[in-house]
Amino acid sequence: MPRLTALGPDNAPSTSRTLLAEIIDRHGDAGPMVRTMAHSPALLQGYLELSRAVKRAAIPRPLSEKISLAVQEWLGCALCLEAHTAAGRSVGLTETDISLAREGTATDARDAALIHYAVRILTEPDTISDADVDELRRHGWSDRVLADVIGLVALNQLTGAFNLVAGLEPVASSP
């Protein structure tokens, strides 16, 4: 049950009204999370800008979805897990890929190392050492990717925490 009310362009603060109208014009709907974020124009604008920026990250999209699944599993956001599972399938992830990602790993050692790094960014960033970064580099990950993962984790933490606090859940499908 939602704790915060979703807004439409007609009842949102003026800056959010403009942002919502643009989203609805482009996509037909803004979705419950974005419409609920509209209570805070600063949050909504920040989320939209970070989301656009992270789309330009150097992380391959299937791996980005694996990382998002691992982070959201740790956070416990059912709405985000549903969205990233669907997105993962749309970019070719198998059910095994999705299941392993939710466990914080992957069949490919290189991907598994980056997924593990992402979960550690979320859960214990102060423990990441020079040796950890060197190991990621030995797997072939660049400093750009290592930095991009931090942004992806931050975006997932924002959306997961927002949905959990706002009480946003997946819509139950009819039998």
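In case you missed it, the structure is sitting above this.
This structure is a prediction, so every number in the text was calculated from the model and none was measured.

## Some thoughts on the pattern of salt bridges
Across all of its chains, the model carries ten salt bridges by this definition. The residue Glu 73 makes a salt bridge to Arg 102 at a minimum N-O spacing of 2.5 Å. Within this pair, whereas Glu 73 is found in helix H4 (residues 61–75), its partner Arg 102 is found in helix H6 (residues 95–102), the two being separated by 29 residues in sequence. The partly exposed category is assigned to Arg 102, whose relative accessible area is 35%.

## As for a positive patch on the surface
On the surface, a cluster of positive charge is made up of Arg 26, Arg 52, Lys 55 and Arg 56. As for its placement among the helices and strands, Arg 52 is situated in helix H3 (residues 41–54).

## Brief notes about helix H5 (residues 78–90)
The terminal C-alpha atoms of H5 lie 18 Å apart, and with 13 residues this matches the ideal 18 Å at 1.5 Å per residue to within 8%. Turning to H5, its buried residues number three or more, namely Leu 79, Cys 80, Leu 81, His 84, Thr 85, Ala 87 and Gly 88. The secondary structure elements touched by the buried residues of H5 are H4, H6 and helix H9 (143–166). Just past H5, the residue Gly 92 takes up positive phi, approximately 95°.

How each quantity is defined
- Residues numbered from 1 in each chain as written.
- Predicted model: local features only at pLDDT ≥ 70, side-chain atom pairs only at ≥ 80, totals over all residues.
- Heavy atoms only, no water.
- Salt bridge = Lys/Arg side-chain N within 4 Å of Asp/Glu carboxyl O.
- Helix = DSSP H or I, 4+ residues; strand = E, 2+ residues; numbered from the N terminus.
- Buried < 20%, exposed > 50% of the residue type's maximum accessible area, 1.4 Å probe, protein only.
- Patch = residues over 30% accessible without salt bridge, like charges linked within 9 Å, V, L, I, M, F, W, Y side chains within 5 Å.
- Areas by Shrake-Rupley, 256 points an atom, 1.4 Å probe, with all protein chains shown as cover.
- Lys, Arg positive; Asp, Glu negative; His and termini not counted.
- Charge placed at Lys NZ, Arg CZ, Asp CG, Glu CD.
- Expected span 1.5 Å × (residues − 1).
- Contact = heavy atoms within 4.5 Å.

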